[in-house]
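Coordinate analysis (summary)
Listed below are the residues making up each chain.
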Amino acid sequence: MENPPKIWDAVRRRWLVLTPEEWVRQHLIRLLVERGGVPPGNVSQEYPVAVTGRDGRPCLLAECKAPDVPLGREVFAQAVRYNSVVAAPYVLITNGLLHCCSSLDRSTGRYAVVEGLPDLSPFLGI
């Protein structure tokens, strides 16, 4: 039996089995860190990915799926269920090919689509 391919997770500092979903997760984290300015220490990967602000509260929750998984109502509903506990102002779903981000209006409990990645700098203090 062959060993499955692995990928180095720089945030958790360990090797992980490279599943299609893990590939998407690692690329999203790299995007958030390199382009979004998110400090690696503010990323939690305990399925789903969460980004915390400088106050320690989550500011983005991301649900990652394999590239062959369509991003539909079921995936969004799953992310919203996770966010009912986390209470991040932004929810992102991605399959590595497509990203869909929404912001939560806490007064109504409704989500609105956000164009591109949200600006997390006000939460991060950068």
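Presented here is an overview of the structure given in this document. For clarity, every value in this text was computed on a predicted model and none was experimentally measured.

With that settled, consider the overall build of the protein. For the protein, the count of helices and strands is three helices and eight strands. Seen in sequence order, the protein has helices and strands lined up from the N terminus as β-β-α-β-β-β-α-β-β-β-α. Whereas a compact globule of 126 residues would reach a radius of gyration of roughly 14 Å, the protein reaches 14 Å, a difference of no more than 12%. With respect to the principal axes defined by its C-alpha atoms, the protein has extents near 55 × 30 × 25 Å. Burial status across the protein gives 38% buried among its 126 residues. If you take every contact in the protein between residues at least 6 apart in sequence, the share linking residues at least 24 apart comes to 43%. Just so you have it, the protein exposes about 7800 Å², and 54% of that area is on carbon and sulfur atoms. The positive charge centre, built from 14 side chains, and the negative charge centre, built from 13, are 4 Å apart in the protein.

Right, let's get into the pairing of strand S1 (residues 6-9). Side chains of S1 alternate between two faces, with Ile-7 and Asp-9 buried and Lys-6 and Trp-8 left unburied. Alignment of S1 against strand S2 (residues 14-17), held across four bridges, turns out to be antiparallel. Looking across to S2, one finds that Ile-7 is bridged to Leu-16. Counting the residues that bridge the hairpin from S1 to S2 gives four residues, and of these Arg-13 lies at a positive phi of roughly 55 degrees.

Relative to the assigned elements, Ser-102 resides in strand S7 (residues 99-105). For Ser-102, a relative accessible area of 4% corresponds to the buried category.

This part is about the pattern of salt bridges. Per the stated rule, a full pass over the model turns up seven salt bridges. Note that Asp-9 and Arg-12 form a salt bridge whose closest N and O atoms lie 2.8 Å from each other. Owing to a relative accessible area of 0%, Asp-9 belongs among the buried residues under this scheme. Among the ionic contacts, a cluster of salt bridges with common partners joins Asp-9, Arg-12, Glu-21, Glu-22 and Arg-25.

A separate point is the state of the cysteines. Summed over all chains, the structure comprises zero disulfides. Cys-100 carries a free sulfur, and the closest cysteine sulfur to it, the one in Cys-101, is 7.5 Å from it. For Cys-100, a relative accessible area of 30% translates into the label partly exposed.

Conventions used here
Residues numbered from 1 in each chain as written. Predicted model: local features only at pLDDT ≥ 70, side-chain atom pairs only at ≥ 80, totals over all residues. Heavy atoms only, no water. Helix = DSSP H or I, 4+ residues; strand = E, 2+ residues; numbered from the N terminus. Rg over C-alpha atoms; globule rule 2.2 N^0.38 Å. Buried < 20%, exposed > 50% of the residue type's maximum accessible area, 1.4 Å probe, protein only. Contact = heavy atoms within 4.5 Å. Areas by Shrake-Rupley, 256 points an atom, 1.4 Å probe, with all protein chains shown as cover. Lys, Arg positive; Asp, Glu negative; His and termini not counted. Charge placed at Lys NZ, Arg CZ, Asp CG, Glu CD. Pairing = 2+ DSSP bridges. Salt bridge = Lys/Arg side-chain N within 4 Å of Asp/Glu carboxyl O. Disulfide = S-S within 2.5 Å.

The values reported here are purely geometric and, on their own, carry no functional implication.
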